[in-house]
Amino acid sequence: MENAFRPDQNYSQLRLWAPAVAVMVTLVISSHFSGKPAGPNIMGFDKVAHFFVFGLLGTLLFRSLRMEFRAAQRWLLAFAGVMAYAAADETLQFFNPNRSFDPWDWVADGAGALLAIFLYRNWKVYRGILEYKFGRRLAK
């Protein structure tokens, strides 16, 4: 099922890794160089934001890994990468006086990453939307 579309055959490795790195850099900047991010004052909204942002990161890391990894290794490696990054992010927030350490954020990060990787691997519609080519010039 995974081999129906192979990002590593359609895009260069730089083009595959650049979005994941951009999301990680954006997270570092927003988490560590500023105060609390702006958002609606809704209880639990930060967990929803963590769920979706780290879900995106999970998808981007999964599709960036080379297809030579067997399916189980590939999703597990992407998930472990997200969880390690999320743990480091939460740990650094502990030392930032403008932010707070919350282990439930880490749980939301993991749940979002796990669901997003699962959907990307197994749901052709989701994968098709994310891999839609807007034009030939964007490939390679």
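For the structure itself, consult the block above.
**Describing the environment of Arg66**
In step 1: Relative to the helices and strands, Arg66 resides in the loop between helix H3 (45–64) and helix H4 (71–94).
In step 2: Of the residues examined, Arg66 reaches a relative accessible area of 41% and is grouped as partly exposed.
In step 3: In the structure, Arg66 is positioned 53 residues away from Gln13 in sequence and 8.6 Å away in space, judged by C-alpha atoms.

**Quick notes on helix H5 (residues 103–122)**
In step 1: End to end, H5 covers 29 Å across 20 residues, agreeing with the expected 28 Å (1.5 Å per residue, within 8%).
In step 2: Those residues of H5 that fall on the buried side of the exposure criterion are Asp105, Ala108, Asp109, Gly110, Gly112, Ala113, Ala116, Ile117 and Tyr120.
In step 3: Its side-chain oxygen at 3.0 Å from the backbone nitrogen of Trp104, Asp102 defines the N-terminal cap of H5.

**So, the pattern of salt bridges**
In step 1: Tallying each qualifying case throughout the model produces three salt bridges.
In step 2: When the shortest N-O distance is used, the salt bridge between Asp46 and Lys47 registers 2.9 Å.
In step 3: Residue Asp46 is classed as partly exposed on the basis of its relative accessible area of 33%.
In step 4: Here Lys47 falls in the partly exposed class, since its relative accessible area comes to 22%.
In step 5: For the salt bridge of Lys47 with Asp105, the shortest nitrogen-to-oxygen distance reads 2.9 Å. On the criterion of sequence distance, the pair formed by Lys47 in helix H3 and Asp105 in helix H5 is long-range, its members being 58 residues apart.
In step 6: The class of Asp105 is buried, set by a relative accessible area of 4%.

Analysis parameters
Residues numbered from 1 in each chain as written. Predicted model: local features only at pLDDT ≥ 70, side-chain atom pairs only at ≥ 80, totals over all residues. Heavy atoms only, no water. Helix = DSSP H or I, 4+ residues; strand = E, 2+ residues; numbered from the N terminus. Buried < 20%, exposed > 50% of the residue type's maximum accessible area, 1.4 Å probe, protein only. Expected span 1.5 Å × (residues − 1). Polar contact = N/O pair within 3.5 Å; in protein donor to acceptor, adjacent residues only side chain to side chain. Salt bridge = Lys/Arg side-chain N within 4 Å of Asp/Glu carboxyl O.

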